[in-house]
Amino acid sequence: MNIAEGSTSQTDAEQVRFLNLAIRSLIETVACQHLINQRNYLTDTEILRQAYKESETLFARLQAFRRSLKGYKVCDDEGVYEAGEVLPF
């Protein structure tokens, strides 16, 4: 929803602002997945595993999209984040 809203923007900088919101929303979603797992709301955690794997791909794509826009400024040093084979669920 953030990306759709940001796509109506007039500038790349505004689009970047909405991409930042989308990335934060994705991180919130992953945090909710952790809570679902910790509270044993699901007996079969395969759904969580799949969603987690897909969130890693989506995160990388959102960052690449954000970097491709002029007006993107890094607030801190960018690190290399690699996903391991071990999933939290």
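Residues numbered from 1 in each chain as written. Predicted model: local features only at pLDDT ≥ 70, side-chain atom pairs only at ≥ 80, totals over all residues. Heavy atoms only, no water.

J.: Which residues make up the nonpolar core, and what are the values?
T.: Within the largest apolar cluster, 7 residues are counted, these being V16, L19, A22, I23, L26, L62 and L69. The element best represented in this core is helix α2 (residues 12-38), accounting for 5 residues. Sequence-distant contacts of A22, that is, excluding residues within four places in its chain, are made with N2, I3 and L62. Among the nonpolar cores identified, the runner-up in size contains 5 residues, and V30, L48, L87 and F89 belong to it. (Core = buried A, V, L, I, M, F, W, Y, C linked by side-chain atoms within 4.5 Å. Buried < 20%, exposed > 50% of the residue type's maximum accessible area, 1.4 Å probe, protein only. Helix = DSSP H or I, 4+ residues; strand = E, 2+ residues; numbered from the N terminus. Contact = heavy atoms within 4.5 Å.)

J.: Break down a nonpolar patch on the surface for me, citing the residues and quoting the values.
T.: A cluster of nonpolar side chains, Y41, L42 and I47, forms an exposed patch at the surface whose accessible area comes to about 330 Å². Mapped onto the fold, L42 is located in the loop between α2 and α3 (46-68). According to the relative accessible area criterion, L42 is partly exposed, its value standing at 33%. (Patch = residues over 30% accessible without salt bridge, like charges linked within 9 Å, V, L, I, M, F, W, Y side chains within 5 Å. Areas by Shrake-Rupley, 256 points an atom, 1.4 Å probe, with all protein chains shown as cover. Salt bridge = Lys/Arg side-chain N within 4 Å of Asp/Glu carboxyl O.)

J.: Go over the packing of aromatic side chains, please, and point to the residues and values.
T.: As enumerated under the stated definition, the model contains 0 aromatic pairs in all. Lying over the aromatic face of F18, R17 brings its terminal NZ or CZ to 4.7 Å of the ring centre. (Phe/Tyr/Trp six-rings, centres within 6.5 Å; stacked < 30°, edge-to-face > 60°. Lys NZ or Arg CZ within 6 Å of the ring centre and 35° of its normal.)

J.: Got a sec to walk through the confidence of the model for the chain? Specific residues and values, please.
T.: Averaged over every residue, the pLDDT of the chain is 84; residues scoring 70 or more account for 82%. Mean pLDDT in the chain bottoms out at helix α1 (residues 2-6), which sits at 77, and peaks at α3, which reaches 94. (pLDDT = per-residue confidence, 0-100.)

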